[in-house]
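Working through the structure, step by step
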Amino acid sequence: MEVDLFTVTAIGVIIMVLFHYASKKYQYFLSKPIPCVKPTFFFGSTGPIMFRRRDVTSHIRMLYNTFPEFKVVGFYDFMKPIFMLRDPEVIKKIGVKDFDYFMDHTPTMTAGSLDDQATNDSLFGNSLFALRGQKWRDMRATLSPAFTGSKMRHMFDLVAQCAQSMNSFFLAEAKAGKRLEYEMKDTFSRFGNDVIATVAFGIQVDSLKDRDNEFYLKGKQMINFQTIMVLVKFLLLRSMPRLMQKLKIDFLDSNLTEYFKTMITDNMKQREVHGIVRNDMIHMLMEVRKGALKHSKDEQDQKDAGFATVEESSVGKLAHSRVWTENELIAQCFLFFLAGFDTVSTCMAFLTYELTINPDIQNRLYEEIKETEQSLNGKPLCYEVLQKMTYMDMVVSEALRMWPPAVVSDRFCVKDYVYDDGAGTRFKIEKNQTIWIPTIAIHSDPKYYPNPAKFDPERFNEENRSKINAGAYLPFGVGPRNCIGSRLALMEVKLILYFLLKDFSLEPTEKTQIPLQMSKNLFALQADKGVWLEIKPRNV
């Protein structure tokens, strides 16, 4: 009986201590002249997502819309206070003008990224996304020349081969009399996998024909964020990042990262031995190692890939003298895999859904593709011709507005910052606090996009695009820390659309969910029952 009483007392004391600790944490915004979404114990504002009562897009919109009169609002991610930016001008100020105060991402996905000078072997921890401070600046400047328009022209044929391969697969299946009904997220994940395999890893795979190839299965396993072990790691890294650093616990499976690491190192060795040169990411990283990858003096950094392209800032063009280790360079290929495997397939799944339920838009895009094909007179499609397709760019730009794969982006305050809106609201954002930019909520705000639920490419026609507030269109982020691969992503999306619609139309099936319901998972922009469509041959 005494043991039971002691146990009950101990549990009670622990609960009281935790409650007191949480209560102190939840007082943070009381000293700030901005409103805060009322938190619940331990989970803060995150409970509805953790218990799968609300999908991530609805949750972000709820947080965004709770205090519509304010430019900045507060909420709690578990017990961590978060500042949410609601105003485009504030976003541009913090993301661009005052970038030096907010240059990092929040260090939660990998313990090693907590330290700017970390020497850990984590591939994710050494990737451009996770790097911090001066090390990030140096890596951004190192990689920036690899993603210019001229480099995309070199990679164009590799990506086009993947798109043509997918097109050939569908044509062969149709010729065999099969009905081409597919779940689009899975289908385009396979295309994205093949692109990353050839562009970032220097290998060729065909994941539609060979559905169980090792590269695809390993990659799918890598980004499966719904397992219990991954969820536990995620919660621990979010709530106790310093402890996780000491324990050297990483978000990603070490065996899988070793698989990809070995693949890249073996590929590099083979190229060095046999003098192989291929216009892909591995070749560029080998050029980095020799100090030969630099910005061309006569190269113009223009929006040559379309309206959504983000331009490189001066940070990405600075000279530096840092020497990179092999592991640090390999980590960048690994990041391109993680980013490319999911984001392009997410964009394409929702884009093809919108084209299916808006056949007039699909037909107009097909007409532009047909006219472009005729103008080529039998010559192969090239980068310059693809970028001149104005309606294609309008369609893709609108898809990225309605369905941005990164529904929210973050910044981490690296030194105390005084926010002052010039209208009487002034307060300090302390070092180590996190800023959220709710991309999908801003893209859905009728203040910036009238009738935002309508898929309307005309928002991005020549007359209207100048009216769009740059701080309210953020599919690839904002400021010097924007997505370095926007040109590559846009090229992928446009190429697969070109070859797909050239020979096929997109039709709804009995499995097509209209309207789409979002999945209540923790991370991704994902349809609850998938995006099922029929790819119907035009020449039947």
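Predicted model only: the values in this text are computed from it and were never measured. (Residues numbered from 1 in each chain as written. Predicted model: local features only at pLDDT ≥ 70, side-chain atom pairs only at ≥ 80, totals over all residues. Heavy atoms only, no water.)

**Considerations on the overall build of the chain**
Helix and strand counts for the chain stand at 18 helices and 9 strands. Here the chain, with 540 residues, has 56% of them falling under the buried criterion. Considering only contacts within the chain whose residues lie at least 6 apart along the sequence, 75% involve residues at least 24 apart. In the form shown here, the chain has an accessible surface area of approximately 24,500 Å², with 55% of it arising from carbon and sulfur atoms. (Helix = DSSP H or I, 4+ residues; strand = E, 2+ residues; numbered from the N terminus. Buried < 20%, exposed > 50% of the residue type's maximum accessible area, 1.4 Å probe, protein only. Contact = heavy atoms within 4.5 Å. Areas by Shrake-Rupley, 256 points an atom, 1.4 Å probe, with all protein chains shown as cover.)

**What to know about the sheet that holds strand β1 (residues 72-77)**
Across the sheet, which stays open at both edges, the 4 strands sit in the order β1-β2-β7-β4 with mixed pairing between neighbours. Strands with a single pairing partner mark the edges of an open sheet, and in this sheet they are β1 and β4 (409-412). Adjacent strand axes in the sheet meet at a mean angle of 30° when their direction is disregarded. Where β4 and strand β7 (residues 434-437) come together, 4 bridges link them in antiparallel fashion. Within the sheet, the bridge partner assigned to F412 lies in β7 and is T434. (Pairing = 2+ DSSP bridges. Axes fitted to C-alpha atoms, helices over the stretch in contact; angles between N-to-C directions.)

**Describing the sheet that holds strand β8 (residues 504-508)**
Strands pair in a sheet through their backbones, by hydrogen bonds, and they do so in one of two ways: parallel or antiparallel. If you walk across this open sheet you meet the 3 strands as β3-β9-β8, and the pairing is antiparallel. For this open sheet the edge positions go to β3 (181-183) and β8, each flanked by a neighbour on one side alone. Adjacent strand axes in the sheet meet at a mean angle of 40°, parallel and antiparallel pairs treated alike. In the sheet, β8 pairs with strand β9 (residues 532-537) via 5 bridges, with the strands oriented antiparallel. Across the sheet, residue S505 finds its bridge partner in β9, namely K536.

**Brief notes about the pattern of salt bridges**
Per the counting criterion, the structure on display carries 31 salt bridges. In this structure, D100 engages R137 in a salt bridge whose closest nitrogen and oxygen atoms are separated by 2.6 Å. Of the two residues, D100 is situated in the loop between α4 (88-97) and α5 (133-143) and R137 in helix α5; the sequence distance between them amounts to 37 residues. Relative accessible area serves as the criterion here: at 15%, R137 is assigned to the buried category. As a salt-bridge pair, R289 and E272 come within 2.3 Å of each other at their nearest N and O atoms. Here the residue R289 occupies a position in helix α12 (residues 281-290), and E272 occupies one in helix α11 (residues 254-274), the gap between them amounting to 17 residues. Taken together, the shared-partner salt bridges connect R179, E181, E510 and E534 into one network. (Salt bridge = Lys/Arg side-chain N within 4 Å of Asp/Glu carboxyl O.)

**Things to note about the nonpolar core**
Buried together is how nonpolar side chains tend to be arranged in soluble globular proteins. Judged by nonpolar contacts, the single largest core of 159 residues is most densely connected at F170, L351 and L495. Considering each element in turn, this core owes the most residues, 18 residues, to helix α13 (residues 326-357). (Core = buried A, V, L, I, M, F, W, Y, C linked by side-chain atoms within 4.5 Å.)

**Description of the pairing of strand β5 (residues 417-420)**
The side-chain alternation of β5 yields one buried face, formed by Y417 and Y419, and one unburied face, formed by V418 and D420. The hairpin turn running from β5 into strand β6 (residues 426-429), its antiparallel successor, is 5 residues long, and G422 in that turn takes a positive phi close to 75°.

**A short note on the environment of Q513**
With respect to the helices and strands, Q513 occurs in the loop between β8 and β9. For Q513 and Y353, which are 160 residues apart along the polypeptide, the C-alpha to C-alpha distance reads 9.6 Å. A polar contact of 2.8 Å, which involves the side chain of Q513, links it to the backbone nitrogen of Q517. (Polar contact = N/O pair within 3.5 Å; in protein donor to acceptor, adjacent residues only side chain to side chain.)

**Considerations on the environment of V310**
Following the sequence through the fold, V310 ends up in the loop between α12 and α13. The residues contacting V310, other than those within four sequence positions of it, are F476, G477, N482, C483, S486 and R487.

**Some thoughts on the confidence of the model for the chain**
Interpretation of this model should avoid reading the predicted coordinates in detail wherever pLDDT is low. In this model, the chain carries a mean pLDDT of 87, and residues with pLDDT of at least 70 account for 86%. Low pLDDT, under 50, characterises residues 110-119; the predicted model gives this stretch 29 contacts beyond four residues in sequence or across chains. (pLDDT = per-residue confidence, 0-100.)

**Examining the side chain of R86**
With respect to the secondary-structure elements, R86 resides in the loop between β2 (80-85) and α4. Here R86 is buried and forms no salt bridge, its nearest opposite-charge partner D445 lying at an N-O distance of 4.6 Å. From its side chain, R86 meets the backbone oxygen of F70 in a polar contact 2.8 Å long. If we ignore the near neighbours within four places in the chain, the residues touching R86 are Y64, F67, P68, F70, K71, V73 and Y448. (Lys, Arg positive; Asp, Glu negative; His and termini not counted.)

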